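The lines below spell out each chain.
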Amino acid sequence: MNRRTLLASAAALALTAMLPALPAMAQGTPIPEGEKLKVGFIYVGPVGDGGWSYQHDLGRKAIEAHYGDRIETSYIENVPEGADAERALTQLALAGNKLIFATSFGFMDAVINTAAKFPDVRFEHATGYKRAENVATYDARFYEGRAVLGTIAGMMTKTNKVGFIGSFPIPEVMQGINSTFIHLRKVNPDVELKVVWAYTWFDPAKEADAASALLAEGVDVILQHTDSTAPLAKLQEKGGIGFGQASDMAAFKPTPRVSAIIDNWEPYYIKRVGEVLDGTWASHGVWLGIKDGEVGIGEITEAVPAEVKAAAEAMRDQIAGGYHPFTGPLNKQDGSAWLAEGQTPTDEELASMDFFVEGITAQIPR
Amino acid sequence: MLQLEPRAATPWWLAIASPLMAVVATMVAGGALFALMGFDPVASIRTIFWDPLFGPASGYSRPQLLVKAGPLILIASGLAIGFRAGIWNIGAEGQYIIGGICGAAVALAAYPAEGAWIFPAMVLAGAAGGWAWGMIPATLRNWTGASEILVSLMLVYVAQRVAAWMAFGPMRSPEGFGMPGSRNLQHYPSAANPELAAGTGAHWGVIAAGLAVLATWFLMSRHIRGFRIRVAGMAPRAARFAGVRPETLVAFCLGLSGALAGMAGLFEVSGPGGQITDSFGSGYGFTAIIVAFLGRLHPLGILLAGLLLALTYIGGELAQLMLQLPAATVQVFQGMLLFFLLGFDTLTRYRLRWRAAK
Amino acid sequence: MIGWTTLLLLMSAATPILFAALGEAIAERSGVLNLGVEGMMITGALAGFAAAHATGSPLAGFVAGAAAGAAISLIFGVLTQYLLTNQVATGLALTMFGLGLTAMFGRPYEGVKAPSMPGGPLGVNWAIWLGLALVPVTWFVLNRTRRGLILRGVGENHDAAHALGYKVRLVRLTAIAIGGALAGIGGAYVSIATVLQWTEGMTAGAGWIALAIVVFAGWSPWGVLAGAWLFGGVAVLQLRLQAAGVAVPVQLLSMAPYLATIIVLVIISARQKYRGRGSAAPGSLGRPFHATR
């Protein structure tokens, strides 16, 4: 069950079908000892962003440590999405990289274009939905981690007001907000969720202002789906708790950072590099979660009472054991039925989620 | 003390030598910086300046120079005309964005119809969008005297937000699973602006850039309007006596540079970029200002300056890839290159003289 | 909605752009258009953070931020004033250089926390008070002192000022350095007081907003305060409205201050053109000065 096919929608299939037929890949030819596999990465931000690109770079370092001199890695950082991405990918392919990780959604079309030109190079594209014989996609079920953080937040809030700093109204973030809210309400039926859209992935000053705006609304717990530590810094100054996002953000332990949702790409990267080395790599679309170690829950600090910690860990273990954070009965925000008792959504449905669940009072910007 | 004295005319050899000296100075200072950071300076410089042109993968990167330089040259050609006349359009980035949006709007409205009229209509719409965005500061300056520098700059910010609004709202692709960004025009044959011949990098935007260089050269050196522009820049009052209406000139220069920037945006969105996203403006409009100055506002100089800047971008990526040089180092290097080029440029306009202090 | 907390938020959000815009206003009043504000701010942000981290004192951080901002602004100053390079191009180059340089030297400070800012009267930290106090001080110096008069004279008509025997380049170099120092303080505020960490590119365009504010302000310090509060206010208010559950057209709203800036500029320009009143841009803004004798 850990290799669910992400999407089989007509659109994605049609696009894949439109691509020129690829010559059969040299699947099943292991790379002999003594020959180095070159692995390339492109990052949308700087490796020092302390969040998204930083975590992918940790993955790169992990494969270096794991495979030693059997592989060689290189990366290009700060790559704008669009034409520049295609050039960066091509440069990596021309430099002899046989496995290339493209670590942002916006690289999607560039990856597909480049992959068509280099049929003997394998591409791994994070969070996209277009695939080809030599393009695999991978993503993380961040919403599973949100269920755990939501549990902590719901039990920790004293004002019964929890804040969420969203980046952009896209499905990944919608899933996170909905999952957070469902699990807030599970442990605390009186809690309210306040949502602020920052319209940025990374703008420390703006994120700090967003945190302040939430605090001024009486919020005392903040979750964020933006990458900087600024909201935690604000919480430290003004009181309240929050969580690390993307990376552990350990500098703010034990409080205000009481736990974290960690993008842990290391197991997946190690596995896929290994598959190329032993000749078993094949294209796929995977969406991995807590069970696979791709979504990590950072250490729950002593600032959290023991029973809250226990509840959070129980939630984490339940999810690893097969509990789906979106399990019916659930209605949409407008009251219309979404999931019946015990029903869970398909991955296609989740991947294009554009609505709030019932009970959230915030509105989605249009 | 050392003083600057204006030259009556720039000797031809100095016009060539000064950018070369600047490049050499950047190599020396940049090399020192790389060495300081623990990188091999010779290898770093070679990777940035030599490898994209003659290195092992140059068969790919040489055409890419055209892709990167095309919009810079196209925009800078238009800007330089205004700069010559003392009309400062620094909002080309906004005109580029609006041109891209207008051109893409035609394509998205026509989708999925196919027809030979679509691409030319997009080019017109792109040029018209850029022209209109450029005419705002022109009109405001002519009516009220508001500085075109500041109005055009403010309109960049507005255009950036229009792009974000489009990507999340009206232009969002219905097949994009709720992600921001328009349809990819590369996948829409009638609207696409692909490579015209495989492996050359040349798309319609590159052709347009070449034409713009020729046309602006002709305008500035062979046409009466070019003469007026030069006179207006050098001696505004004399120009007025000669019957040059400043209002016409402002409208002409801002409109033309806006139209060219808008076309650059259109060629980018229909070609290498593919779609309108919230970050569609990627700084070409600002970089083109630098290109215009590095090219000393001369069409041929702009051609070379555009290629040089494209070289540092592509070489910078190679240096990251081959030598693990951080992206920031390359950015510092580019900054230094600009400082040196601007500084050495002074020598072409002024001569240094020792003079006893008064 | 508009309570003391919102006002506090607004003041905090406005402080970095207030410092930077005051500095740029001084530079522009002397006739220099420096588009390198973003580069100077980010330099101040890193230097300020590094110093605050090393000494444990936010005050030392602000001093270092000011010094670093002034130092890097002098590259621009020497190039534009002594080598007569174009101000627009040099300013853009300065932004690029500053962003790159700080990203390069900032690596060791990633993931490190700053010492916390001491609070001040009424729950407002003293850096905010300093920013507010600088507004009347700048106004007074520009409009009521001889030095301010000289600075404005140089900005209005550098040839006349030169003919009167004033050292145009020295005045401008000083104004550029003051502008750099204030931009540096603004940047340091972002890293030391707002975010409490260093990350590359953390000023995220605040320098460009500062440029807009100066225009909005019509080059007056009080106008700069109003502009900083308007830009900071729109940013904070839309976040507050969102937090309160109101659906806000974020993109359209965030355009508003820029459109307002254009309108203000048009009004003051038109007043000057048709009625000969008010002051639009300084007469020599952006023009290089070269003494002909």
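The structure displayed is predicted, hence computed values, not measured ones.

Below, the discussion takes up the sheet that holds strand S6 (residues 161–166) of chain A. Residue and element names in this part refer to chain A. If you walk across this open sheet you meet the 6 strands as S7-S6-S8-S9-S10-S12, and the pairing is mixed. Among the strands making up the open sheet, the edge pair consists of strand S7 (192–197) and strand S12 (295–297). Looking at each pair of strands side by side, their axes are set apart by 15° on average, direction ignored. Note: strand S10 (residues 257–263) against S12, 3 bridges, orientation antiparallel. In the strand pairing of S12, Asp 263 is matched with Val 295.

Here the focus is the interface of chain B and chain A. Contacts between chain B and chain A engage 24 residues on the former and 27 residues on the latter. Among the secondary structure elements, those contributing two or more residues to the side of chain B that touches chain A are helix H3 (58–84) and helix H12 (299–323) of chain B. With 5 residues, H12 of chain B is the largest single contributor of residues to the side of chain B that touches chain A. A breakdown of the residues in the side of chain B that touches chain A according to their chemical character gives 11 nonpolar, 11 polar and 2 charged.

With that settled, consider the interface of chain B and chain C. Chain B puts 37 residues into the contact, and the matching count from chain C is 40 residues. Broken down by secondary-structure element, the contributors of at least two residues to the side of chain B that touches chain C are helix H5 (118–144), helix H6 (148–168), helix H11 (284–294) and helix H13 (327–349) of chain B. Across the side of chain B that touches chain C, the residue classes tally to 26 nonpolar, 9 polar and 2 charged.

So, on to the domain arrangement of chain A. All names here are of chain A. As far as domains go, chain A holds domain 1 (10–141 + 265–288) and domain 2 (142–262 + 295–351). Relative placement of domain 1 and domain 2: their C-alpha centres are 30 Å apart. Every contact between the two is made by 11 residues of domain 1 and, on the other side, 14 residues of domain 2. Here the side of domain 1 that touches domain 2 gets 3 residues from one element, more than from any other, and that element is helix H2 (residues 52–67).

All names here are of chain A. Neither face of strand S3 (residues 99–102) is open: one carries Leu 99 and Phe 101, the other Ile 100 and Ala 102, and all of them are buried. Across 4 bridges, the pairing between strand S1 (residues 37–42) and S3 is parallel. In the sheet register, Val 39 faces S3, and the bridge partner there is Leu 99. In terms of handedness, the path from S3 via helix H4 (residues 108–117) over to strand S4 (residues 122–126) forms a crossover that is right-handed.

Turning to the UniProt feature "transmembrane region" (unreviewed entry) in chain C, a few remarks are in order. In the numbering used here, UniProt assigns the feature "transmembrane region" (unreviewed entry) to residues 33–52, 59–82, 88–106, 126–142, 173–196, 208–231 and 243–268 of chain C. The distance separating the terminal C-alpha atoms of residues 33–52 of chain C is 31 Å; by composition the span is 80% helix and 0% strand.

Let us look at the sheet that holds strand S11 (residues 285–288) of chain A. All names here are of chain A. Taken in spatial order, the 6 strands make up an open sheet running S2-S1-S3-S4-S5-S11, and their pairing is parallel. Looking at the sheet topology across the chains shown, the edges are occupied by strand S2 (71–76) and S11. Taken over all neighbouring pairs, the strand axes of this sheet differ in orientation by 20° on average, direction set aside. Bridging between S1 and S2 involves 6 bridges; their strand directions are parallel. Bridge pairing in S2 places Val 39 opposite Thr 73. Sheet contacts for helix H3 (residues 83–94): S1, S2 and S3; angle to S1, the most-contacted strand, approximately 170°.

Attention now goes to helix H3 (residues 58–82) of chain C. Residue and element names in this part refer to chain C. In a regular helix each residue adds 1.5 Å, so 25 residues correspond to 36 Å; H3 covers 35 Å between its end C-alpha atoms and thus fits that length. Within H3, 18 of the 25 residues are buried, which leaves it mostly tucked inside the rest of the structure. Looking one or two residues beyond H3, the residue adopting positive phi is Leu 84, at roughly 55°.

Okay, the pairing of S6 of chain A next. For a regular strand, the rule is simple: side chains alternate between the two faces of the sheet. Residues and elements named next belong to chain A. Buried residues dominate S6, accounting for 5 of its 6 residues. One ladder, built from 6 bridges, connects S6 with S7; its direction is parallel. Looking at the pairing, Gly 166 lines up with Trp 197 of S7. For the handedness criterion, the β-α-β arrangement of S6, helix H6 (residues 171–187) and S7 is classed as right-handed. For S6 and strand S8 (residues 221–224), the ladder comprises 4 bridges, and the chain directions are parallel. Considered in S8, the bridge of Ile 165 is made with Gln 224.

With that settled, the discussion passes to unusual backbone geometry. The amide bond that connects Lys 253 of chain A to the next residue, Pro 254 of chain A, takes the cis arrangement and shows omega of -10°. Counting through the fold element by element, Pro 254 of chain A comes out in the loop between strand S9 (241–246) and S10. Going from Gly 328 of chain A to Pro 329 of chain A, the amide bond is cis rather than trans, its omega being 5°. One non-glycine residue, Arg 296 of chain B, lies in the positive phi region at around 55°. Along the chain, the position of Arg 296 of chain B falls in the loop between H11 and H12. Since 20 C-beta atoms lie within 10 Å of it, Arg 296 of chain B is described here as buried. One non-glycine residue, Leu 196 of chain C, lies in positive phi territory at about 60°. Relative to the elements of secondary structure, Leu 196 of chain C occurs in the loop between helix H8 (168–195) and helix H9 (206–216).

Rules used throughout
Residues numbered from 1 in each chain as written. Chains lettered and ligands numbered in written order. Predicted model: local features only at pLDDT ≥ 70, side-chain atom pairs only at ≥ 80, totals over all residues. Pairing = 2+ DSSP bridges. Helix = DSSP H or I, 4+ residues; strand = E, 2+ residues; numbered from the N terminus. Axes fitted to C-alpha atoms, helices over the stretch in contact; angles between N-to-C directions. Contact = placed C-beta atoms within 7 Å. Nonpolar A, V, L, I, M, F, W, Y, C, P; charged D, E, K, R; others polar. Domains from an automatic or database assignment. Buried ≥ 20, exposed ≤ 12 C-beta atoms within 10 Å, placed from the backbone. Right-handed = clockwise from strand over helix to strand, strands pointing away. UniProt positions renumbered as here; feature names shortened; annotations may be inferred. Expected span 1.5 Å × (residues − 1).

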